Amino acid sequence: WGAVDYDGSALAVTGSGPTVLSMAYMGLTGKTDKTPADLAALATERGLSGGGTHTAAEFFAAAGKELGLDVHQYEPDSDTLVDVLDSGTVVLVEVRADTLTPEAHWVIVATENENGSVRVYDPTSVSVSSRPWDPATIAPSSTGMYAVSLSEAENTAGE
């Protein structure tokens, strides 16, 4: 799917938004039926591809509802990031250029480690994904945070 066109380039280059939402979906539901390419097509169909990080933030709530996910926006803050992770959700974070990597893009923060650091999964950087991060570094580096969890209906259906 990395070679699929998204916003005028290869999805592997411009599609961090659909990729992190696909990662969250697969991790939370255990399903593998919505690839980054599927979600990139949805963003394009809805007119939510394009811009500085190639995916409009509004895409996450709209797509999340279709996928059986609840998506809640938060102002970037390290305490909020940790609190949201502690509640059992994952967080999609839009990071600024020249912070974690040279380009602005989306990453997923999945867990808090025992020492208070957080685990970041960056679809564009193995080096970012391979080390722990201080929440006080992630939050100020971001322009948006979106908590993603299974919707109540999806939780009930799985029981």
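Residues numbered from 1 in each chain as written. Predicted model: local features only at pLDDT ≥ 70, side-chain atom pairs only at ≥ 80, totals over all residues. Heavy atoms only, no water.

A.B. asks: Sorry, what's going on with the nonpolar core here?
C.D. replies: Counting residues in each nonpolar core, the largest one holds 25 residues, and the members touching the most others are Leu21, Phe59, Phe60, Leu69, Leu92 and Val148. Contributing elements (two or more residues each) for this core: α2 (16-29), α3 (36-45), α4 (58-67), β3 (69-74), β4 (90-95), β5 (105-112) and β8 (142-150). With 5 residues, the top contributor of residues to this core is α3. Once residues within four sequence positions are removed from consideration, Val148 is found in contact with Ala24, Leu28, Leu69, Asp70, Val71, Thr89, Val90 and Leu92. (Core = buried A, V, L, I, M, F, W, Y, C linked by side-chain atoms within 4.5 Å. Buried < 20%, exposed > 50% of the residue type's maximum accessible area, 1.4 Å probe, protein only. Helix = DSSP H or I, 4+ residues; strand = E, 2+ residues; numbered from the N terminus. Contact = heavy atoms within 4.5 Å.)

A.B. asks: Is there a simple way to explain the pairing of β4 in this structure?
C.D. replies: Put simply, side chains in a regular strand alternate between the two faces of the sheet. Taking burial as the measure, the 6 residues of β4 include 6 buried ones, the bulk of the element. Of the two faces of β4, the one holding Val90, Leu92 and Glu94 and the one holding Val91, Val93 and Val95 are both buried throughout. In this structure, β4 lies alongside β8, joined through 6 bridges in antiparallel fashion. Looking across to β8, one finds that Val95 is bridged to Ser142. Pairing of β4 with β5, which is carried by 5 bridges, proceeds in the antiparallel orientation. In the strand pairing of β5, Val91 is matched with Val109. (Pairing = 2+ DSSP bridges.)

A.B. asks: Would you mind going over unusual backbone geometry with me for this structure?
C.D. replies: A positive phi angle is found at Asp98, which is not glycine, with a value near 60°. Along the polypeptide, Asp98 turns up in the loop between β4 and β5.

A.B. asks: Whenever I open this one, the packing of α3 against α4 confuses me. Can you help?
C.D. replies: What describes two packed helices is the angle between their axes and the distance between those same axes. One way to put it is that α3 packs onto α4 with a least axis distance of 11 Å and a crossing angle of 120°. Viewed along their axes, α3 and α4 adopt a mutual orientation that is oblique. Every pair of crossing elements has a handedness; the one defined by α3 and α4 is right-handed. Across from Leu39, Leu42 and Ala43 in α3, the residues of α4 making contact are Phe59, Ala63, Glu66 and Leu67. Within the contact of α3 with α4, the residues separate by chemical class into 6 nonpolar, no polar and 1 charged. (Axes fitted to C-alpha atoms, helices over the stretch in contact; angles between N-to-C directions. Parallel < 35°, antiparallel > 145°, perpendicular 65-115°, else oblique. Left-handed = near helix turned anticlockwise from the far one by under 90°. Nonpolar A, V, L, I, M, F, W, Y, C, P; charged D, E, K, R; others polar.)

A.B. asks: Would you mind showing me how to read the side chain of Ser142 here?
C.D. replies: Here Ser142 lies in strand β8. Residue Ser142 is classed as buried on the basis of its relative accessible area of 3%. With residues up to four places along the chain from it excluded, the contact list for Ser142 reads Pro76, Val93, Glu94, Val95 and Arg96.

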